[in-house]
Each structure stands twice: as C-alpha cells, then as structure tokens.
Amino acid sequence: MKLQRVQVVDSHTGGEPTRIIVAGGPDFGGGSVAAQLAVFRTLHDRFRSAVVNEPRGSDVLVGAILVPSPDPACTTGVIFFNNVGYLGMCGHGTIGLVATLAHLGRIGPGELHLDTCVGRVTAHFAADGAVTLTNVPSYRAKKAVTVDVPGIGPVTGDVAWGGNWFFLVGEHPWALELNHVEQLTDATWRIRQAVNSQGFPEVDHIELFGPPRAGGHSRNFVLCPGKAYDRSPCGTGTSAKLACLAADGKLAAGAEWIQESILGSTFTGRFRWLDRAKGEIAPIISGTAHVNSEATLLLDERDPFCWGIRT
C-alpha cells in the first residue's frame, strides 16, 4: 500500500508548539477558508487527528494547514486545529506560521495578509525575526459574569472574543506558577464546564490572570479547548484581554501591554479602536517564533494508530 507523505515544519512561539503542514494534505475544494474548514471537519477530520494527536503529536500541539485563499491580497489561507477540533484564529500559531514561511524562503521582511476562517489577519515580519500581527476585530461580550463552579464556588469573569471565545478571570485564589499546573488545569476545566452550562456554551478557553514575574503587566494561565495549557501568553487570549482593558478604560489606544505566560515568555500587545460605541478594537500582538524541525509524516493505513489516538 502506498504511504501518504505529509511534509511539516515545527516551531514554537514562547514555548507553545505549532506544526505547519506545507505539503501532502487533503484537497478541500477551494472557496472561502470557512467553506474549506467545513469540508475539513466533515470529510477529513481523521487527518487532523493523525497530524496532532499521539503517536505523532501530543495534546499541546497546534496544527495549521495552508489552503488557497480567494482573496488576492492574501499570501495564503490557513486553518488552525488542535487535539480535539478546530480554532477560529491562533495568535501563537500565526507567529509560528510567519516564521515558517520565512524559513522556507516564501516571504521576506515586510507585511503580508493571511486569510483565516474568522477573517483577514495582517502580519509584519521584521528582519530580526520578530512578528507583529493585527488580529481580527475583538470585543468584550459580557462583563463580570459570575458562575457557580462545583467544588470551587462562585467565580467571576468577563466573556470576550479575540478570535476565539474566552472567559477571563482576574480575581481568584490560585498562584500562577509552573509547579501548580495540575491544580490550575483542574480549576480551569471546572470553570469551563460551569461557564458552558450556565449560559455561554461558545466559550472554549479559560484565562486566569495574576501578578507579573518577568517585568510584564500581568501573568496568565490559559486552558485550551483540549485541556492542554498554553505555554505561550496566548495571542487570541491577549487580544481578548486588550478588549476588556479598552472597554474599562484601563489601557489607552497605542499603549503597550506586556503579557507573560505561565513560562514567563511574553507578548507585547496594543490596540487601536475600530468602534468605540461597540467596544470593538483591532488588537496588535508582537512576539517571536523559532523553527525547530522539518519532517515528513508517514500515514500508513496498516498502522492501527495511523489516524491518531483519540479520546
């Protein structure tokens, strides 16, 4: 039987890994990126699992596949996915994608546009390797929502969109330290289930904030949809945070916000207003990614775990 060969480039952004599929993926038939995502989800979901799940990947790995874009201004379309499904946008993944395109010689320093299933993202690649992206419009949907979390009690946070849906919690009893990851994962998973069952089923990311440790403005812990925590400061989570800060008048347009991850890696964020009346901003996130491998994945139908280990 002929092996299916899938060429990938792996990178990490602030410690969070991204796997970019550069050749060998399915054909999704063209059209908008959202339409291609629908085909991916319906007809080729096992391919997603094969790329990011064990035995080739892990729960923390985020994948991305390059697809054609009908927008002539865009360098490429991209669909992001993880161990359990698909992501609207991915900030660390976008930074990793730009670093990967540069590594492959497909782009040089300058500006490029990327087409995602939730809108166009603009990125600037600097000669020193830094990437600055202007994310999709972001906003806070609901302020100070209190949910009753079994085993924990009432927890209050904001619901905000930053390319994915977040529940952002600033007041909580937990120390945001790497050696507390198991406790933080358990707490945020409980919070997510409560948020989903108490009026906000769309929320799939939980973000805790605490005092900075590495000279930033705050440190975060972000639980991703598949129950893995984000090693980076989370680009879409930082976008959601900026939307909340803007809505509360706690950060001026253009002012910098340095967001630390649970590892101490940082993104620098700022924003510009799109619509003050609606609280809608354009988040601008800067960070750096490092390419760490090129590989060819082999998909062999005779392998009982060819399509990944799915829970």
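Below you will find a few notes about this structure. Positions within a chain are numbered from 1, following the residues in the order the chain's sequence is written. Totals for whole chains, interfaces and linings use all residues, but because this is a predicted model, local features are given only for residues with pLDDT of at least 70 and pairs of side-chain atoms are given and counted only at 80 or more. Only hydrogens and water are set aside; all other atoms, that is, all heavy atoms of the structure, feed into the side-chain values.

Time to look at the layout of surface pockets. By rolling a water-sized probe across the atoms, one finds the places where empty space is left. The definitions used throughout rest on a 1 Å grid laid over the protein atoms alone, on which a cavity is an enclosed set of points accommodating a 1.4 Å probe that cannot get out and a pocket is an open set flanked by protein within 12 Å on both sides along at least five of seven lines; lining residues are those having an atom within 4 Å of a point. Grid points are joined across faces, edges and corners, and a volume is the space filled by probe spheres set on the points. What the largest pocket holds in volume is close to 410 Å³. For the largest pocket, the lining is made up of 17 residues, of which Asp 158, Gly 170, Lys 241, Asp 248 and Lys 250 are closest to its centre. Working definition: helices are DSSP H or I runs of at least four residues, strands are E runs of at least two. Numbering for both runs from the N terminus. Mapped by element, the contributors of at least two residues to the lining of the largest pocket are β9 (139-149), β10 (153-161), β11 (165-169) and α5 (235-247). If you add up the space inside the second largest pocket, you get close to 200 Å³. Taken together, Arg 48, Asn 53, Glu 54, Asp 59, Asn 83, Val 84, Gly 226, Ile 309, Arg 310 and Thr 311 make up the lining of the second largest pocket. Its residues assigned to classes, the lining of the second largest pocket shows 2 nonpolar, 4 polar and 4 charged. Residue type decides the class: Asp, Glu, Lys and Arg count as charged, Ala, Val, Leu, Ile, Met, Phe, Trp, Tyr, Cys and Pro as nonpolar, and the leftover types, Gly among them, as polar.

Right, let's get into the packing of aromatic side chains. For Phe, Tyr and Trp, rings pair up if their centres lie within 6.5 Å, where Trp contributes its six-membered ring, and each pair is then called stacked (planes under 30 degrees apart), edge-to-face (over 60) or tilted (otherwise). Overall, the coordinates contain 8 aromatic pairs when judged by the stated rule. Ring geometry for Phe 28 and Phe 40: centres 4.6 Å apart, planes at 20°, overall stacked. You can see Phe 28 sitting in the loop between β2 (16-23) and α1 (33-43) and its partner Phe 40 sitting in helix α1, a full 12 residues away along the chain. Only protein chains enter the calculation, and the probe is 1.4 Å; a residue is then buried if its accessible area is under 20% of its type maximum, exposed if over 50%, and partly exposed in between. Among the residues examined, Phe 28 registers a relative accessible area of 5% and is labelled buried. Where Tyr 139 meets Trp 165, the ring centres are 5.9 Å apart and the plane angle is 85°; that geometry is what we call edge-to-face. In this pair, Tyr 139 is assigned in strand β9 and Trp 165 in strand β11, connecting sequence segments 26 residues apart. Owing to a relative accessible area of 18%, Trp 165 belongs among the buried residues under this scheme. Remark: a charge is flagged as sitting over a ring if the NZ atom of Lys or the CZ atom of Arg is within 6 Å of the ring centre and within 35 degrees of the ring normal. Arg 231 extends its terminal NZ or CZ atom over the ring of Tyr 229, reaching a point 3.8 Å from the ring centre. The ring of Phe 209 carries the charged tip of Lys 241 above its face, separated from the ring centre by 4.2 Å.

Among the structural elements, Thr 13 can be located in strand β1 (residues 4-13). Looking at Thr 13, its side chain comes within polar contact range of the main-chain oxygen of His 92, at 3.0 Å. We call two residues in contact when some of their heavy atoms are within 4.5 Å. Beyond its immediate stretch of four places on either side in the chain, Thr 13 contacts His 92, Ile 95, Gly 96, Ser 232, Phe 267, Thr 288 and Ala 289. Polar contacts, as counted here, are pairs of nitrogen or oxygen atoms within 3.5 Å of one another; within protein the pair requires one atom able to donate a hydrogen and one able to accept it, and residues that are adjacent in sequence qualify only if both atoms are side-chain atoms.

The next thing to look at is the pattern of salt bridges. Just to be clear on terms, a salt bridge is a Lys or Arg side-chain nitrogen sitting within 4 Å of an Asp or Glu carboxyl oxygen. Per the stated rule, a full pass over the model turns up 12 salt bridges. Glu 177 is paired through a salt bridge with Arg 213; the nearest N and O atoms lie 2.8 Å apart. Pair noted here: Glu 177 is in the loop between β11 and α4 (181-197) and Arg 213 is in the loop between β12 (205-210) and β13 (218-223), with a separation of 36 residues, a long-range link. For Arg 213, a relative accessible area of 40% puts it in the partly exposed group. Taken together, the shared-partner salt bridges in this structure form one network comprising Arg 140, Lys 143, Asp 158 and Asp 248.

Function-wise, these values are silent; they only describe arrangement.
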